[in-house]
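Structure assessment
Here is what each chain is made of, one letter per residue.
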Amino acid sequence: MPLSNPTKRQQHHTRKIISEGFEREDGLWDIEARMTDQKSYAFQNDWRGEVTPDQYLHDISMRLTITDSFEIVDVEASIDSSPFQLCPVVVDNFKRLIGLPLTKGFRKQAMIRLGGKEGCTHLIELLPVLGTTAFQTLYPVLMRRQGKDFGTEEATEKRPPLLNSCHIFSDEGPLVEQRWPKFFKGSPTAESDKDEV
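Now for a description of the structure that goes with this document. Source: prediction; values computed, not measured.

**Focus on the pairing of strand β2 (residues 29–39)**
Counting buried positions along β2 yields 8 of 11 residues, so the element is predominantly enclosed. Pairing geometry for strand β1 (residues 13–23) and β2, over 11 bridges, is antiparallel. By the bridge assignment for β2, His13 is matched with Lys39. Once β1 ends, the chain turns through 5 residues before running back antiparallel as β2, passing Gly27 with a positive phi of about 95°. Two strands pair when backbone bridges link them, and β2 and strand β5 (residues 58–66) are joined in this way by 9 bridges, in the antiparallel orientation. Bridging from a neighbouring strand, Glu32 pairs with Arg63 of β5.

Right, dumping it as structure tokens:
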């Protein structure tokens, strides 16, 4: 269901984030994200002078190159538009992510390496986007290579990685009951309700 019709209003800011995943010829994966910020009005900036509505206040990008096991093997960051001249000097710090697995605990480790004055608020904001894009890019392909369909893999002794990651994958919900009954902890669903999952 879409959002309700808004009251009369005036737009002041637009942030766009585009994130894409690519399989490379060398067997690695490139996961990229770009964030842009624009104002709907012109304003003065100490460094850039007048910034007009057709110009980006921020134009920031990052590419993570990862393996099939989600290990980061290269990082490239770019700040092409910013409100301060010195913003781009921090981009090389993001190489500190090399060697980290883009899995559970990644954000905490990233903040240890790049939090506060060691990083850039906006590049840090792209990390969760890159993480979920990596999952959406790799997981279905890797499952197909194993002869399985994304999201319908059978549970074995190993806990499914999606379990309890959101409400739809709750270990008390009907989807887990149907797909991974061994890990189901809720009340059994009536047969007539199972088709709605």
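**What to know about the packing of aromatic side chains**
The full count for this structure, using the stated rule, is 3 aromatic pairs. An angle of 65° between the planes, with centres 6.2 Å apart, marks the rings of Tyr41 and Phe43 as edge-to-face. Under the relative-accessibility criterion, Tyr41 is labelled partly exposed at 35%.

**A few points about the pairing of β5**
Most of β5 is tucked away, with 8 of its 9 residues classed as buried. Here 8 bridges tie β5 to strand β6 (residues 72–81), and the two strands are oriented antiparallel to one another. By the bridge assignment, Arg63 is partnered in β6 with Glu76.

**Remarks on the layout of surface pockets**
The computed volume of the second largest pocket comes to approximately 200 Å³. Lining the second largest pocket are Ile18, Ser19, Glu20, Glu32, Ala33, Arg34, Ser61, Met62, Arg63, Glu76, Ala77 and Ser78.

**Observations regarding helix α1 (residues 106–114)**
Inspection of α1 places Phe106, Ala110 and Leu114 among the buried residues, and these make up the whole buried set. Looking straight down α1, one finds that the buried residues subtend no more than 45° of arc, so they occupy a single side. For α1, the exposed residues lying more than 90 degrees away from the buried face are Lys108 and Ile112. Elements that come into contact with the buried residues of α1 comprise β6 and α2 (121–145). In the segment just after α1, Gly116 is the residue with positive phi, at about 60°.

Cut-offs used in this document
- Residues numbered from 1 in each chain as written.
- Predicted model: local features only at pLDDT ≥ 70, side-chain atom pairs only at ≥ 80, totals over all residues.
- Heavy atoms only, no water.
- Buried < 20%, exposed > 50% of the residue type's maximum accessible area, 1.4 Å probe, protein only.
- Helix = DSSP H or I, 4+ residues; strand = E, 2+ residues; numbered from the N terminus.
- Pairing = 2+ DSSP bridges.
- Phe/Tyr/Trp six-rings, centres within 6.5 Å; stacked < 30°, edge-to-face > 60°.
- 1 Å grid on protein atoms, 1.4 Å probe; cavity = no way out; pocket = protein on both sides within 12 Å on 5 of 7 lines; lining within 4 Å.
- Points joined across faces, edges and corners; volume = space filled by probe spheres on them.
- Arc of directions from axis to C-beta.
- Contact = heavy atoms within 4.5 Å.

Any functional reading would require information beyond the geometric quantities listed.
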